[in-house]
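Chain by chain, the residues run as shown.
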Amino acid sequence: MLEQALVQMLLLLGATVAVVLVFQRFRIPPSLGYLLVGVLLGSHTAGPVVADENIRVIAEFGIVFLLFTIGLSFSMPQIYALRHTILGLGTAQVALTTAVVGGLAWAMGLPGPAAFVVGAVFAQSSTTVITKQLMEQGESQTRHGRLGTTMSVFQDITAVPFVVVIPVLGVAAAQEVAGALGLALAKALLAFVIVLISGRLLLRPLFQLVAERRSAELFTLTVLFVSLVAAWTTKTLGLSMAFGAFLAGMVLADTEFRHQVESTIRPFRDVLLGLFFVSIGMLVEPALLPEIWWEALLGAVALLGIKLLLVTLIVRLSGVDLQTAFRTGLLLAVGGEFGFALLAIGLEGGVIASQPAQVVLTSVLFSIILAPFLIRFNQPLASWLFGRPARRPDESLPAPRELDEQGHVVICGFGRTGQTVARFLESEGVNYVALDMDPSIVREARLAGQPVYVGDSSDAAMLENVGLERARLLIISHDDRPAALKTLRHASQLRTGIPAVVRTRDEGSVAELVAAGASEVIPETLEASMILTSHALQALGGAAVSGNPPPPGAACRSLPDAARALPRQPGQYPGPAPGRRAGTAAFGGAERGGARSSVSAWRS
């Protein structure tokens, strides 16, 4: 039994790695690769078969962690701040799409609950495909890109009520739907109150206690425990586990641990979400394609056409120009991965039959296959229909949380050095985000209103969470050399050529840090000795020659001259690498690209 399970697991992992590698090589969304693996290893195709019972149980936690991550992206204050613009547009889009598509499905003969599921599935858009394709095209910061990204993320929030409602439709008779739905909403409100109150009272102290231990494995276990306890709470109340995970994530979004929690949960979410797509692929019955392909194709055309028209109309009525509204509609016209989750919930609850579910599933698949092409050519299509694109630089939208920092500075380490740097940046009006592993430091900083978070800056996912790829500068102000090297390597991968200023204890690590990608290295012992030397020589001045005290403000030898006069030990750092600068090795403001040296800064 164990050997058979191991063989099936190896078969699943091997097929997944091979297919996803090929899909990524040709820049095809990996979610389609997971779906293909499910089709190939499912019971509806010839060849090896992997039992789907265990996979479905495990894959359900992929949705739990997905909703938990979405909750981390939207705290209560953020949702309140978006209430006028994105909340109105997103709600209108989801509600109208569900109503129009559900009404058409009901008119074609589907029962009311099944028609509602079809409308809810078609209302979702692929946040993964949209954001990935826009970033590849360099359109993530455009007006239509920001609108499309924000509305697609908001759709993930609106899926939460669907997660609550759809199971109710399957267990209640027609005359009992209203009462059962009201009970479900009351339970959802109770769960919200329980998780919100207990979370505010318990979660922050718990994570502060865990973070003080500075143990990555303990922090990971705590994140898993909290998310699953919240999921179990709502499951006990008869609701979806994913709803509880969303609430827990929303509570943690207000804490200084948000970025570290998101970084910790991401590997579990990605792997289990991949298994979820595999389990969805196992639902596909290729033998039915000859019978339903034309219905699925019509469904895909209806999905794309209806959502394109509705989104364009809604965005246009909000005051956005027609071309931008049309391009936003093209982004959101495609189906979404979360629609698969809603369809799976509907199938599990008996709300929708297998035959129409196959049609809906195939329709969404067709639309996702077309999605990269629609997004890639959104500008030529809009120009062809409406002429030359209108430029409206004065129009702007609040960006979603993932884009809320642009041109900022990332500070790794918020001890005395990091705090001093932050104060100077604040005085110059430069935005920054800081990371530190000491929860007491972070707690005090956040009480002072500073954007500081608990997080491991040597983690690539953490650097991505704080927007390093959009930052102007990286500052490593701690003196942990191995962590600094890891941070520099991850930073180079996330954004090639990002300026990085690094603190180190002595000059022995300068060459290694420069090789890892540092553009400026500050050896604190050498820097302090240079300042002391400068002040000492300035104080001595003429006294060293005539014995008389120097006149006020008189300077003696320059700092570069003083540095060259210092004796050096064999192997001691002689100067910067060719073409690079390293702290006081580039003595003097002119050699620092216009920046003042430490001495001139202290004199002022």
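For the structure itself, look to the data block above.
Now for a description of the structure that goes with this document. (Residues numbered from 1 in each chain as written. Predicted model: local features only at pLDDT ≥ 70, side-chain atom pairs only at ≥ 80, totals over all residues. Heavy atoms only, no water.)

**Points about the pattern of salt bridges**
Thinking step 1. The final tally for this structure, using the stated rule, is 12 salt bridges.
Thinking step 2. Between Glu256 and Arg204 there is a salt bridge, with the nearest N and O atoms lying 2.5 Å from each other. In this pair, Glu256 sits in the loop between helix H11 (241–252) and helix H12 (258–281) while Arg204 sits in helix H9 (residues 177–213), placing the two residues 52 residues apart along the sequence.
Thinking step 3. By relative accessible area, which is 1% here, Glu256 ends up buried.
Thinking step 4. For Glu256, the salt bridge identified is with Arg446, shortest N-O distance 3.7 Å. In this pair, Glu256 is assigned in the loop between H11 and H12 and Arg446 in helix H19 (residues 439–447), connecting sequence segments 190 residues apart. (Salt bridge = Lys/Arg side-chain N within 4 Å of Asp/Glu carboxyl O. Helix = DSSP H or I, 4+ residues; strand = E, 2+ residues; numbered from the N terminus. Buried < 20%, exposed > 50% of the residue type's maximum accessible area, 1.4 Å probe, protein only.)

**A closer look at the nonpolar core**
Thinking step 1. Residues Phe68, Phe207, Val261, Phe276, Phe338 and Phe340 are the most contacted members of the largest nonpolar core, which totals 130 residues.
Thinking step 2. Per-element tally for this core: the top contributor is helix H8 (residues 143–171), with 11 residues.
Thinking step 3. Non-local contacts of Phe340, meaning those with residues more than four positions away in its chain, are made with Leu35, Phe276, Phe277, Ile280, Leu361, Val364, Leu365 and Ile368.
Thinking step 4. Counting residues in each nonpolar core, the second largest holds 25 residues, with Tyr453, Ala471, Leu485 and Val514 among its members. (Core = buried A, V, L, I, M, F, W, Y, C linked by side-chain atoms within 4.5 Å. Contact = heavy atoms within 4.5 Å.)

**Details of the sheet that holds strand E3 (residues 452–454)**
Thinking step 1. The strand order across the open sheet built from 6 strands is E3-E2-E1-E4-E5-E6, with neighbouring strands paired in parallel fashion. Each edge of the open sheet is held by one strand with a lone partner, namely E3 and strand E6 (520–523). Strand-to-strand twist across the sheet, computed as the mean angle between neighbouring axes with direction ignored, equals 15 degrees.
Thinking step 2. Pairing analysis gives 4 bridges linking strand E1 (residues 409–412) to strand E2 (residues 432–436), with the strands arranged parallel. Bridged to Ile411 within E2 is Ala434.
Thinking step 3. Where helix H21 (residues 481–494) meets the sheet, its contacts fall on E1, strand E4 (473–476) and strand E5 (500–504), and the angle it forms with E4 comes to roughly 170 degrees. (Pairing = 2+ DSSP bridges. Axes fitted to C-alpha atoms, helices over the stretch in contact; angles between N-to-C directions.)

**Comments concerning H12**
Thinking step 1. For H12, spanning 24 residues, the distance from its first C-alpha to its last is 33 Å, which sits close to the expected 34 Å at 1.5 Å a residue.
Thinking step 2. Residue Ile265 marks the point of greatest curvature in H12, where the axis turns by about 40 degrees; the proline Pro267 follows within four residues.
Thinking step 3. Counted residue by residue, H12 has 20 buried out of 24 residues, so it is predominantly covered. (Expected span 1.5 Å × (residues − 1). Bend = angle between axes of the 7 residues up to and from the residue.)

**Here we look at a nonpolar patch on the surface**
Thinking step 1. Residues Leu322, Leu370, Phe373, Phe377, Leu381, Trp384, Leu385 and Phe386 make up a contiguous nonpolar surface patch of roughly 810 Å² in combined accessible area.
Thinking step 2. When residues of the nonpolar patch are traced back to their parent elements, those giving at least two are helix H16 (354–376) and helix H17 (378–386).
Thinking step 3. If you tally residues by element for the nonpolar patch, the top one is H17, at 4 residues.
Thinking step 4. Along the chain, Trp384 falls in helix H17.
Thinking step 5. The class of Trp384 is exposed, set by a relative accessible area of 69%. (Patch = residues over 30% accessible without salt bridge, like charges linked within 9 Å, V, L, I, M, F, W, Y side chains within 5 Å. Areas by Shrake-Rupley, 256 points an atom, 1.4 Å probe, with all protein chains shown as cover.)

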